[in-house]
Amino acid sequence: MRIFSHSRCLSKSPGRSRCLNYGGDPISSSTSQGTGKWSPGYIVRCLRSAEGSVSIFLIMVLAFVFLFNAVLIDYARIAAVNVQEERLARAAIRSVMSAYDIELRENYGLFAFGGGDGNQLLSKVLNDNLYESGRGDAFNLLPVMVDSSSLDWSRPLGTYEVFRRQIIEEMKYKAPVDFALELAGKLKPLSAAMTEASRTTEILGDLQPLYDQREEALDLMLKKRKEAADSAQNLQKLLMNPPGDSIPARSLASLAASSDIPAMYGDYVNKYYDDYYRPPKTWPKYTAVLSQYQVQIGEVTGKIPAVLADFQEKNSRLLDEAEAALEQVNALNLQMQSVIDQADADASTAGDDPAHNWDIPDTAGELSSEPLKKLRAQVEGLILPPAELSELGNNIGVQRSAALPLEPLVSGLPSILSTASGLYADYSLMSAGVLNASRAVHGYLSSYGQHGTVITQEAEQIESRRTADSQRKQIEGQAKKKLGDAMKLLDQIRALGSSAQEAMEQYGSLRQYYQQNVAFNEGLEQEPGAAVNTGDQYAAGKSSMKDMDGIYAAMGSVLAGARDRLYQTEYSAMYFRHFDLSALTSLASGSAEGFGEQLGEQLKPQAQELEYILYGFYNPAGNVAAAYGEIFALRLAVRTMEGLIEKSGMGNPLVVLAAALLYGIEQAIQDMIQLCTKGEIPLSKYMTAQLSYRDYLRLFLLLHGGGEEQLSRMLALIRLNTGINPVEKYTYASAGITMGMQLWFLPGVVKLVNYSAGLPGDVRGKVYYRQAAADFSY
């Protein structure tokens, strides 16, 4: 039986090869040089040559596998170290930033680093995380070490952007709920009535001065017409004084008027003939008297043309001024109509109720605005109809025509009266001339003079429309006095801090902190607006209504999505203290003696932080006075609305407005006393929802706040109260960490791989180093 076994070809040379059958017999080859049996030595040499080639080949394969596995292991360790370093960096920066300032967090809801040396804290956290237990049997796959670490701070709390963002984060859940439930829900039912009251007050407030100016122009027109007629008084005196229907005869004397010339003419003739027919050798008795009569005739008649010309000039000029005054009446009347038309257009564009679409529940039923709409509809009655104005213009023309007949009658008198110096003058002609001219002048005076029948009748017609003006003037006087008392109270409040030296020093520090924060933020310092006290009830009423409109507009904007102003407002109200208004109870009630010393701590800025944020005055009582005055104005707006409804039955719209303002001022004063005493007052007579002093400040912050100046004031207060400068407190940190790991195998190969693969670190010597960064922001 033949056994076949595996054979191997051993190559000895390119042209020769032999095959050895391990079963025994050599196999001949076509390349062998001969035939026959193989020798044993030759076979051993062939076997040794084959075993060396296998070893080299295996070594090469194993070396490649080892190299691949070694690099793979180090590469895996590098990848693990990278992940561990990233996690360690993030954990370390979180640990560092967990050391926030507790006082800022608890007192103001703000986050800023307050843990001292941040770099030292970072190093400690890293070392604690890399601490090894020291067990000898432990195997550390990743023996990493911290080569270096650094910490960079940025975004200080004192910057507007950072401070505003933290306010938003703090208030984003609290502010909308508090605002909607505590303020918007209370004010919404009053919106329609307040809107209509504002429009009514504005239109009547605009019409009132125009109405008074128009009526003054009418009075001026009548006055000028009377003065035009009264300018004939001198002419009347020169003609006949007093005027009469006849000229009785008189003895010669001084001539005072033209009527004296025919009155004394008969005596003149008689005396002339007495002297002419005197006894011989006797002196004439009447020479001087007769001569004086003749001279005075020339003087009197010589005055007539000048006096007539003066009358004509004054009469024409004054009637021209009367026409100009009537033109002013017409212009003012058109302006009043324009005010009414513009108000109607604005009302139709703006709608009836700005709070109608607020998606919040009402706390009470809506107050109807219909009585106010009816009142506003009555303002058309204040406009003079064109027919009446046209009639007034015609009346001036009639008066001008009435003066025209005087000129020919008077201008002819000098020639007629000059004949009286002779003996053959026509007495009847002279008397008729004087009487006709005197009657014409007297008739003009009687019709259009100071008490002329025609002008009096026209004046009575004008006055018939003014039956309510006297009542209105009386009410205006009372309202002005009441408003003046309220303004005096505000002045007393402002003067309370004049002796509070300690509070003044703290306000000085507060102002310095504010200015430094504004400079740090590269902003512009804004001086607070000076509080304006007005003694005019109409201006005060319009201003208060505009403030109320502004509050509704601001509330509407925040409910529509203007979040920043709302959040800033509610943050201020939540974290900053307001003044204790009960401290002003005795002053509001009228007893101010020694009151300034009683306030004490209430005059310091820490007791009126919210008022300072709102107004920014740097004196102990300025901010409180401003808040008191603005609350009074708001109460005046609400109470005036009530007054317009209560007094709407008085007829004339201007009288209704005057009475409503008086009612509003009186009730607002009582409201302020109640607010000081009880701490809250009903929103309105028709709405029982209560508003506190703090609620009013929140409304004013919503109206005026939201700006950068309020942010700087809050930051200044934080620094004053805590001693912490927000500019030096950071809210953002960037940590940089460099870690190293000892490579186990071939660092050169790893470095070569790094060139091609782009590892995130680098190899220096036998250590792999990598930098990692992590950021954290509050």
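Here the structure is a predicted model, which is why all the values come from computation and not from measurement.

Undergrad: Just to check I follow, could you spell out the overall build of the chain for this structure?
TA: Secondary structure assignment for the chain yields 27 helices and nine strands. Within the chain, the fraction of its 778 residues that count as buried is 46%. Long-range contacts, defined here as pairs at least 24 residues apart, represent 81% of the contacts in the chain between residues at least 6 apart. Surface exposure of the chain reaches about 38000 Å², of which carbon and sulfur atoms provide 54%.

Undergrad: Help me out: how do you make sense of the sheet that holds strand β7 (residues 730-742) in this one?
TA: Strand pairing in a sheet relies on backbone hydrogen bonds. The paired strands run either parallel or antiparallel. On the basis of which strands lie adjacent, the open sheet formed by four strands has the order β4-β7-β9-β8 and antiparallel pairing. Strands at the two margins of the open sheet, each flanked by one partner only, are β4 (144-156) and β8 (762-764). For this sheet, the mean inter-axis angle between neighbouring strands, taken without regard to orientation, is 25°. Bridging between β8 and strand β9 (residues 767-777) involves three bridges; their strand directions are antiparallel. Bridge pairing in β9 places Arg764 opposite Val767. Its contacts with the sheet place helix α4 (residues 160-171) against β4, β7 and β9, and it is angled at close to 95° to β7.

Undergrad: When you look at the pairing of β9 in this model, what are you seeing that I'm missing?
TA: Across eleven bridges, the pairing between β7 and β9 is antiparallel. Directly across from Gly736, in β9, lies its bridge partner Ala773.

Undergrad: Just to check I follow, could you spell out the nonpolar core for this structure?
TA: For soluble globular proteins, the rule of thumb is that nonpolar side chains tend to be buried together. Phe163, Tyr571, Leu584, Tyr628 and Met641 are the most contacted members of the largest nonpolar core, which totals 129 residues. Aside from chain neighbours lying at most four places away, what touches Phe163 is Leu110, Leu157, Tyr571, Leu711, Met714, Leu715 and Ile718. Judged by nonpolar contacts, the second largest core, of 57 residues, contains Met221, Ala263, Val269 and Tyr448.

Undergrad: Sorry if this is basic, but what is going on with the packing of helix α23 (residues 622-646) against helix α25 (residues 693-704) here?
TA: Across the interface, α23 lies against α25 with an axial gap of 11 Å and an inter-helix angle of 90°. The angle between the axes of α23 and α25 places the two elements in the roughly perpendicular class. Note on element contacts: α25 touches α23 through Tyr693, Tyr696, Leu697, Leu699, Phe700, Leu703 and His704, opposite Ala627, Glu630, Ile631, Leu634 and Arg635.

Undergrad: Would you explain the environment of Gly707 in this entry?
TA: One can find Gly707 in the loop between α25 and α26 (708-722). C-alpha of Gly707 to C-alpha of Tyr160: the two residues are 547 residues apart in sequence and 9.9 Å apart in space.

Undergrad: Quick question: what am I supposed to make of the side chain of Gln296 here?
TA: Summarising the element assignment, Gln296 is placed in helix α9 (residues 287-350). By relative accessible area, which is 11% here, Gln296 ends up buried. At a separation of 2.7 Å, a polar atom in the side chain of Gln296 contacts the main-chain amide nitrogen of Leu255.

Undergrad: Which parts of the structure should I look at to understand the pattern of salt bridges?
TA: Once the charged atoms of two side chains with opposite charge are near each other, the side chains can pair. Scanning the entire structure with this criterion turns up 40 salt bridges. Residue Asp212 is joined to Lys473 by a salt bridge in which the shortest nitrogen-to-oxygen separation is 3.6 Å. With a gap of 261 residues between them, Asp212 in helix α6 (residues 191-230) and Lys473 in helix α16 (residues 469-494) connect regions that are remote in the sequence. Put simply, Glu570 and Arg698 hold a salt bridge, and the shortest N to O gap is 2.7 Å.

Undergrad: Help me out: how do you make sense of the packing of aromatic side chains in this one?
TA: Evaluated as defined, the whole model comprises 19 aromatic pairs. With centroids separated by 5.7 Å and ring planes inclined at 50°, the aromatic side chains of Tyr444 and Tyr448 adopt a geometry described as tilted. With a gap of four residues between them, Tyr444 and Tyr448 both fall in helix α14 (residues 427-448), about one helical turn apart. Side by side, Tyr444 and Tyr448 carry an identical accessibility label, which is buried.

Undergrad: Before we go on, may I ask you to explain a nonpolar patch on the surface in this structure?
TA: A contiguous nonpolar surface patch, about 490 Å² in accessible area, is contributed by Phe57, Leu58, Val61, Phe64 and Val65. Summarising the element assignment, Val61 is placed in helix α1 (residues 40-97). Overall, the relative accessible area of 37% leaves Val61 in the partly exposed class.

Undergrad: Honestly, helix α11 (residues 386-403) in this entry has me stumped. Any pointers?
TA: Each turn of an α-helix holds 3.6 residues, which means side chains three or four residues apart point in the same direction. With 18 residues, α11 extends 27 Å between its outermost C-alpha atoms, agreeing within 8% with the 26 Å of an ideal straight helix rising 1.5 Å per residue. Among the residues making up α11, those that are buried are Glu388, Leu389, Leu392, Asn395, Ile396, Gln399 and Ala403. Buried residues of α11, viewed axially, fall in a sector of 110°; they line one side. Residues of α11 that are exposed and point more than 90 degrees away from the buried face comprise Pro386 and Ala387.

Undergrad: Any chance you could explain the packing of α6 against helix α24 (residues 653-678) here in plain terms?
TA: Axes are the key here: two packed helices are described by the angle between their axes and the distance separating the axes. Viewed as axis vectors pointing N to C, α6 and α24 meet at an angle of 115°, and their least axial separation amounts to 10 Å. Overall, the two elements α6 and α24 adopt an arrangement that is roughly perpendicular. As for the relative orientation of α6 and α24, their crossing is left-handed in sense. Listed contacts from α24 to Thr201, Leu204, Gly205, Gln208 and Tyr211 of α6 are Pro653, Leu654 and Leu657. The residue inventory of the contact of α6 with α24, partitioned by class, reads five nonpolar, three polar and no charged.

Undergrad: Looking at this structure, I do not really get unusual backbone geometry. What am I missing?
TA: Negative phi values dominate among residues other than glycine, just as trans dominates among peptide bonds. Of the consecutive residues Asn241 and Pro242, the connecting peptide bond is found in the cis state with omega at -5°. Phi is positive for Arg155, close to 55°, though the residue is something other than glycine. According to the relative accessible area criterion, Arg155 is partly exposed, its value standing at 40%. Although it is not a glycine, Lys281 adopts a positive phi angle of roughly 60°.

Undergrad: So what exactly am I meant to see when it comes to helix α10 (residues 370-377) here?
TA: Listed in full, the buried residues belonging to α10 are Leu372, Leu375 and Arg376. Along α10, the residues classed as buried sweep out an arc of 100° about the axis, all on the same side. Summarising the geometry of α10, the exposed residues directed more than 90 degrees from the buried face are Lys374 and Ala377.

Undergrad: Just checking my understanding: could you explain the environment of Thr201 for this structure?
TA: Residue placement: Thr201 occurs in helix α6. In this structure Thr201 comes out as buried when scored by relative accessible area, which is 2%. Note: C-alpha distance between Thr201 and Ala658 (457 residues apart in sequence) is 10.0 Å. If sequence neighbours within four positions are ignored, Thr201 has contacts with Gly541, Lys542, Met545, Thr640, Leu644 and Leu657. A distance of 2.8 Å separates a polar side-chain atom of Thr201 from the backbone oxygen of Ala197.

Undergrad: Teacher, can you tell me more about the confidence of the model for the chain here?
TA: Interpretation of this model should avoid reading the predicted coordinates in detail wherever pLDDT is low. Confidence along the chain averages 83 in pLDDT terms, with 83% of residues attaining 70 or more. Per-residue pLDDT stays below 50 along residues 1-36; that stretch engages in 34 contacts with residues further than four places along the chain or on separate chains.

Undergrad: Please explain the pairing of β7 as it appears in this structure.
TA: One face of the sheet, then the other: side chains in a regular strand alternate in exactly this way. With eleven bridges joining them, β4 and β7 adopt antiparallel strand pairing. Paired with Met145 across the strands is Gly740, a residue of β7.

Undergrad: Explain the environment of Tyr75 here, please?
TA: Along the chain, the position of Tyr75 falls in helix α1. Put simply, Tyr75 and Leu743 are 668 residues apart on the chain and 9.3 Å apart in space, counted from C-alpha to C-alpha.

Calculation notes
Residues numbered from 1 in each chain as written. Predicted model: local features only at pLDDT ≥ 70, side-chain atom pairs only at ≥ 80, totals over all residues. Heavy atoms only, no water. Helix = DSSP H or I, 4+ residues; strand = E, 2+ residues; numbered from the N terminus. Buried < 20%, exposed > 50% of the residue type's maximum accessible area, 1.4 Å probe, protein only. Contact = heavy atoms within 4.5 Å. Areas by Shrake-Rupley, 256 points an atom, 1.4 Å probe, with all protein chains shown as cover. Pairing = 2+ DSSP bridges. Axes fitted to C-alpha atoms, helices over the stretch in contact; angles between N-to-C directions. Core = buried A, V, L, I, M, F, W, Y, C linked by side-chain atoms within 4.5 Å. Parallel < 35°, antiparallel > 145°, perpendicular 65-115°, else oblique. Polar contact = N/O pair within 3.5 Å; in protein donor to acceptor, adjacent residues only side chain to side chain. Salt bridge = Lys/Arg side-chain N within 4 Å of Asp/Glu carboxyl O. Phe/Tyr/Trp six-rings, centres within 6.5 Å; stacked < 30°, edge-to-face > 60°. Patch = residues over 30% accessible without salt bridge, like charges linked within 9 Å, V, L, I, M, F, W, Y side chains within 5 Å. Expected span 1.5 Å × (residues − 1). Arc of directions from axis to C-beta. Left-handed = near helix turned anticlockwise from the far one by under 90°. Nonpolar A, V, L, I, M, F, W, Y, C, P; charged D, E, K, R; others polar. pLDDT = per-residue confidence, 0-100.

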